[in-house]
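Structural overview
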Number of protein chains: 2
Amino acid sequence: MPKVTFFNLDPEKRQAVVEASVKEFAEHPYEQASLSRIVENCGIAKGSMYQYFEDKLDLYLYIVDLAYEQKRTYVSQAFSLDADIFTVLDEYYRQSYLFAKDFPLLHQVANNFWDSRVLLPQIEEGRIDRSRDFLKFLEVAIASGAVNPNLDPQAVFFVYHAVGKDLVDHFEQGANDEYIGQVLDVLRYGLQVRKED
Amino acid sequence: MPKVTFFNLDPEKRQAVVEASVKEFAEHPYEQASLSRIVENCGIAKGSMYQYFEDKLDLYLYIVDLAYEQKRTYVSQAFSLDADIFTVLDEYYRQSYLFAKDFPLLHQVANNFWDSRVLLPQIEEGRIDRSRDFLKFLEVAIASGAVNPNLDPQAVFFVYHAVGKDLVDHFEQGANDEYIGQVLDVLRYGLQVRKED
DNA sequence: AGAGGATGTGACTGGGTGGTCACACCATTG
DNA sequence: CAATGGTGTGACCACCCAGTCACATCCTCT
């Protein structure tokens, strides 16, 4: 948590600090990110930074929080949709995509955090949260008869999460709406040919 | 490429250098790996290291090569199998798993390399190679009638690759044979219920 | 024995890092 | 006016890094 001094700051200055930090943590994982570069980029003194934050980690976690907060405003729309599971998943991937397109730096920050090896507990916690939501959704979908009940729910979550993560990773290389649809088709229909077709 | 001096070395010493380097590059991504720690761990002088390798990057790429060479001896078995695509993919994932179990440090080295941001071209090259092999296999499988021809081959590769990578990532947390089978079931049958069942 | 080339060595260089601290500044009080 | 306390500052500290180099050591061939 930032110190009170940070929130007393002139908003313009505070914004400059945030922007420079976001840029740094987007371009470098935590360990390689440099406080010296950040203060250079936003034109404040090194010492000032330590009036605002406890240390480098405190600043980092604050920036990561900002990123996930913004992301949540996008993806939460998907889960509040009153539709079948395929529509929800489609929307979820699409909202992730929009977030990455609208806030590429915040997207990178979140990505770097997920890949990081510091503070595994916090990452693991987020993973469990996401898994719970997903599994609840899956249960309903199975009960409604839309989803193949022979599959292992944990394995389904694993597959969807792995694909979603990589899908987002590759947005920078220009994945588009149509491609997302095709990827989802693979997950929906499976690889094996369907006799019914 | 290491210098000739390295290959003239007493094998026992050479092994010590390799082992210490593998350990370091398994525990830290390239940028954070420390030559000072390596030489400390294998008991040779810093200067000696520069008799064996051009620089840190030279050493790193040599170690990465070792890792992939070892991995290839495992996964290549899958592709030489004369079986249907599902058996081959199953075997591919399983061999990746065995490699990670038998050589956890080399597995970590390869993983770190794949996630790294240095030398993107070399990583991209490997990605294209794997994609080519996979797509060729897929073509045959579609022609043979085993695989749903309505799916986009690029999207199929994308999904399988994403899942395979995460599957391997999580081996350390104890994924097992049965779990691999269940994950593959998800990919094979898809999420949507099959009318034929 | 001596010469010469290959190899081993670790103190050192220049540059980076996160974090500190004595001091300067400034606004609000009494 | 003076005093107080929150805020800004950048030189500085201790530490770590990749890479160098003058020198020591060893081996082989003459």
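Preceding this section is the structure that the text describes.
Predicted model only: the values in this text are computed from it and were never measured.

This part is about the overall build of chain A. What chain A contains, in helices and strands, is 10 helices and 0 strands. Listed N to C, the secondary structure of chain A is α-α-α-α-α-α-α-α-α-α in terms of helices and strands. Here the C-alpha coordinates of chain A stretch approximately 70 × 30 × 30 Å along the principal axes. Buried positions account for 47% of the 197 residues belonging to chain A. Look at the contacts in chain A between residues 6 or more apart in sequence, and 65% of them connect residues 24 or more apart. Of the roughly 9,800 Å² that chain A leaves accessible, carbon and sulfur atoms contribute 52%. Where the 20 positive side-chain charges of chain A centre and where its 32 negative ones centre are 3 Å apart.

Residues and elements named next belong to chain A. Going through the model one piece at a time under the given rule, you end up with 38 aromatic pairs over all chains. Ring geometry for Phe-6 against Phe-53: centres 4.8 Å apart, planes inclined by 50°, an arrangement best described as tilted. Linking Phe-6 in helix H1 (residues 4-7) with Phe-53 in the loop between helix H4 (46-52) and helix H5 (56-79), this pair joins segments that are 47 residues apart in sequence. A single burial state applies to Phe-6 and to Phe-53, both of which are buried.

For DNA strand C, the set of nearby residues contains 19 residues, the closest of which are Ser-34, Leu-35, Tyr-50 and Lys-56 of chain A together with Gly-47 of chain B. Taken together, the sugar and phosphate atoms account for 67% of what DNA strand C places within 4 Å of the protein. Within the side chain of Ser-34 of chain A, a nitrogen or oxygen atom sits 2.8 Å from a phosphate oxygen of DNA strand C. Within the contact set of DNA strand C, a phosphate oxygen lies 2.9 Å away from a backbone nitrogen or oxygen of Lys-56 of chain A. Contributions of two or more residues to the surface near DNA strand C are made by helix H3 (35-42) and H4 of chain A together with helix H4 (46-52) of chain B.

Moving on, we get to the relation of the copies chain A and chain B. Here chain A sits on chain B after a turn of 180° about the axis and a move of 0.1 Å along it, with an RMSD of 0.1 Å. The transformation relating the two chain copies, once decomposed into turn and shift, fits a two-fold axis. Minimal C-alpha distance to the rotation axis in chain A is attained by Gly-190 of chain A, lying at 1.7 Å. Interface overlap between copies: 100% of the residues of chain A at the interface are likewise at the interface in chain B, consistent with a symmetric, same-surface contact.

All names here are of chain A. If you walk through the whole model with that rule in mind, you get 6 salt bridges over all chains. The residue Arg-37 makes a salt bridge to Glu-24 at a minimum N-O spacing of 2.7 Å. On the criterion of sequence distance, the pair formed by Arg-37 in helix H3 and Glu-24 in helix H2 (residues 11-27) is long-range, its members being 13 residues apart. Judged by its relative accessible area of 33%, Arg-37 is partly exposed. Measuring nitrogen to oxygen at the nearest pair gives 2.4 Å for the salt bridge that ties Arg-94 to Asp-90. Residue Arg-94 and its partner Asp-90 are both found in helix H6 (residues 85-102); the two are separated by 4 residues, about one turn of the helix.

Quick look at the protein's contact with DNA strand D now. In the region of DNA strand D, 18 residues are neighbours, and Gly-47 of chain A together with Ser-34, Leu-35, Tyr-50 and Lys-56 of chain B sit closest. Taken together, the sugar and phosphate atoms account for 67% of what DNA strand D places within 4 Å of the protein. One nitrogen or oxygen atom from the side chain of Gln-51 of chain A is found 3.1 Å from a base nitrogen belonging to DNA strand D. Between Lys-46 of chain B and DNA strand D, the recorded distance is 3.1 Å, taken from a side-chain N or O atom to a base nitrogen. Per-element accounting of the surface near DNA strand D gives the leading share, 4 residues, to H4 of chain A. Classifying every residue of the surface near DNA strand D gives 6 nonpolar, 7 polar and 5 charged.

The next point concerns the side chain of Asn-111 of chain A. With respect to the element layout, Asn-111 of chain A can be found in helix H7 (residues 104-115). Apart from residues lying up to four places away in sequence, Asn-111 of chain A is in contact with Val-168 and Asp-169 of chain A.

Below, the discussion takes up the environment of Glu-31 of chain A. Residue position: Glu-31 of chain A is located in the loop between H2 and H3. Residues Glu-31 of chain A and Lys-56 of chain A, spaced 25 residues apart in sequence, show a C-alpha to C-alpha distance of 9.6 Å.

Once that is clear, we can look at the interface of chain A and chain B. On the chain B side, the residues contacting the 47 residues of chain A number 47 residues. When the area that chain A buries against chain B is broken down by residue, the three leading residues are Phe-158, Leu-191 and Gln-192 of chain A, summing to 19%. Across the chain A-chain B interface, the total number found is 0 salt bridges. Counting only elements with at least two residues in the side of chain A that touches chain B, the list comes to H2, H6, H7, helix H8 (120-143), helix H9 (153-169) and helix H10 (177-189) of chain A. Ranked by residues supplied to the side of chain A that touches chain B, first place goes to H9 of chain A with 11 residues.

Definitions and limits used
- Residues numbered from 1 in each chain as written.
- Chains lettered and ligands numbered in written order.
- Predicted model: local features only at pLDDT ≥ 70, side-chain atom pairs only at ≥ 80, totals over all residues.
- Heavy atoms only, no water.
- Helix = DSSP H or I, 4+ residues; strand = E, 2+ residues; numbered from the N terminus.
- Buried < 20%, exposed > 50% of the residue type's maximum accessible area, 1.4 Å probe, protein only.
- Contact = heavy atoms within 4.5 Å.
- Areas by Shrake-Rupley, 256 points an atom, 1.4 Å probe, with all protein chains shown as cover.
- Lys, Arg positive; Asp, Glu negative; His and termini not counted.
- Charge placed at Lys NZ, Arg CZ, Asp CG, Glu CD.
- Phe/Tyr/Trp six-rings, centres within 6.5 Å; stacked < 30°, edge-to-face > 60°.
- Near = heavy atom within 4 Å.
- Polar contact = N/O pair within 3.5 Å; in protein donor to acceptor, adjacent residues only side chain to side chain.
- Least-squares fit on C-alpha atoms with pLDDT ≥ 70 in both.
- Salt bridge = Lys/Arg side-chain N within 4 Å of Asp/Glu carboxyl O.
- Nonpolar A, V, L, I, M, F, W, Y, C, P; charged D, E, K, R; others polar.
- Buried area = accessible area lost by both parts, 1.4 Å probe.

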